[in-house]
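For reference, the chains in residue letters:
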Number of protein chains: 2
Amino acid sequence: MKLAIAQELDAYLQANIPLIAAMQIKVSYFDGKCLRLSAPLAVNINDKQTAFGGSIATLATITGWAMATLLAKQASGPNQVVIAESKLRYLKPITDDFFAECLRPVDSDLDSFCHDLNVKSTAKLVLPVQIKQGNKITADFTGTYVASVNAPPTSAACPMIFNE
Amino acid sequence: MKLAIAQELDAYLQANIPLIAAMQIKVSYFDGKCLRLSAPLAVNINDKQTAFGGSIATLATITGWAMATLLAKQASGPNQVVIAESKLRYLKPITDDFFAECLRPVDSDLDSFCHDLNVKSTAKLVLPVQIKQGNKITADFTGTYVASVNAPPTSAACPMIFNE
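The present account deals with the structure reproduced in this document. Since the structure is predicted, the reported quantities are computational estimates derived from the model, not experimental observations.

1. Thoughts on unusual backbone geometry
Residue and element names in this part refer to chain A.
Moving on, step 1. Residue Q49 is not a glycine yet carries a positive backbone phi of 65°.
Moving on, step 2. Relative to the elements of secondary structure, Q49 occurs in the loop between β2 (34–39) and α3 (53–76).
Moving on, step 3. Notably, S121 is not glycine yet its phi reads approximately 65°, a positive angle.
Moving on, step 4. Counting through the fold element by element, S121 comes out in the loop between α4 (107–120) and β5 (122–133).

2. Quick notes on the relation of the copies chain B and chain A
Moving on, step 1. In the superposition of chain B on chain A (RMSD 0.0 Å, axial shift 0.0 Å), the rotation amounts to 180°. One copy is carried onto the other by what is essentially a two-fold rotation axis. The position closest to the rotation axis in chain B is occupied by the C-alpha of K87 of chain B, lying 2.3 Å away.
Moving on, step 2. Interface residue correspondence from chain B to chain A reaches 100%, placing this contact among same-surface, isologous pairings.

3. Details of the environment of L70 of chain A
Residues and elements named next belong to chain A.
Moving on, step 1. Topologically, L70 is positioned in helix α3.
Moving on, step 2. A relative accessible area of 13% places L70 in the buried class.
Moving on, step 3. The sequence separation of L70 and T142 amounts to 72 residues, and the corresponding C-alpha distance is 17 Å.

4. Describing α4 of chain A
All names here are of chain A.
Moving on, step 1. With 14 residues, α4 should cover 20 Å at 1.5 Å per step; its first-to-last C-alpha distance of 19 Å lies within 8% of that length.
Moving on, step 2. Those residues of α4 not exposed but buried are L110, F113, C114, D116, L117 and N118.
Moving on, step 3. S121 sits one or two positions beyond α4 and adopts a positive phi of about 65°.

What counts, and where the lines are drawn
- Starting from 1, residues in each chain are numbered consecutively following that chain's sequence as written.
- Ligands are numbered from 1 and chains lettered from A, in the order in which they are written.
- Local features in a predicted model are, by the rule used here, given only for residues with pLDDT of at least 70; side-chain atom pairs are given and counted only at 80 or more, and totals for whole chains, interfaces and linings are based on all residues.
- Computation of side-chain values: all heavy atoms of the structure, hydrogens and water removed.
- What counts as a helix is a DSSP run of H or I of at least four residues, what counts as a strand is a run of E of at least two, and both are numbered from the N terminus.
- Alignment of the copies relies on least squares applied to C-alpha atoms, considering only residues that score at least 70 for pLDDT in both.
- Any pair of residues with heavy atoms lying within 4.5 Å of one another is described as a contacting pair.
- Accessible area is worked out with a 1.4 Å probe on protein chains only. A residue is then buried under 20% of its type maximum, exposed over 50%, and partly exposed in between.
- The length a helix should cover is 1.5 Å for every residue beyond the first.

Quick look at the structure:
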């Protein structure tokens, strides 16, 4: 686990987005390829004693955003990432603590993202996020994120060091 | 404004879904045709000082759910409504307090929903929800909700009293 990156991300989210703290979302795992954010059922429960749809949507949204932000940072340094659109399918009710998992995109998608960010200073990334309870997939999310950099990158080369 | 229904709905959400209380979501308007739920920016802010995408998704999700629940209650009495899927497009950043608005579906869609709920004990409803800051549309959401009733309805007739 890339502990320092996970801890820095976790601290940033807790400090800057009150809803993340209210939902008790934690960055629970990051190894450079897979990012997981977890949430307890207790504060994210609904009237049916299962996970609230809004909590599921929020956890998925922020997990994709976090992955896009880490990738953009590796590609071009300081950046701003926003979500443009999302789709979410709820597959099974969640009856216990749960987490969202986002995998690093395949190299060709990452190359394209990195190229656009360095050349155009803005780039789009479509990220699938799965919501799981244990090893059971309970919801499928796809988020489209747009990254932009304010300053031009110091090098036109794409430093693909994310998974090193 | 149908004050009693709005107050009852508000109290139910506050009591049963902790995230609704954390986000300070309130049922702010209901006239039988239009339902509005509002949220303050302060507790729903992100690191860019605009409304957090997760808060927007949550407000839209619960507003559609509330409309589906009210419609199902009018059609068949006690029921359970869950969200099956959603799509959300983020159009503009939100820089102040905001609200979600859901309109009662057209009669033909409502007839079909009501018929299925009374005959099959389950029915699907697709509801558009707009997120607004003042009169500016900032996000477009579509939620697909599934309602089910446990007990058979007392009458096969469809009591379309929702907008009376």
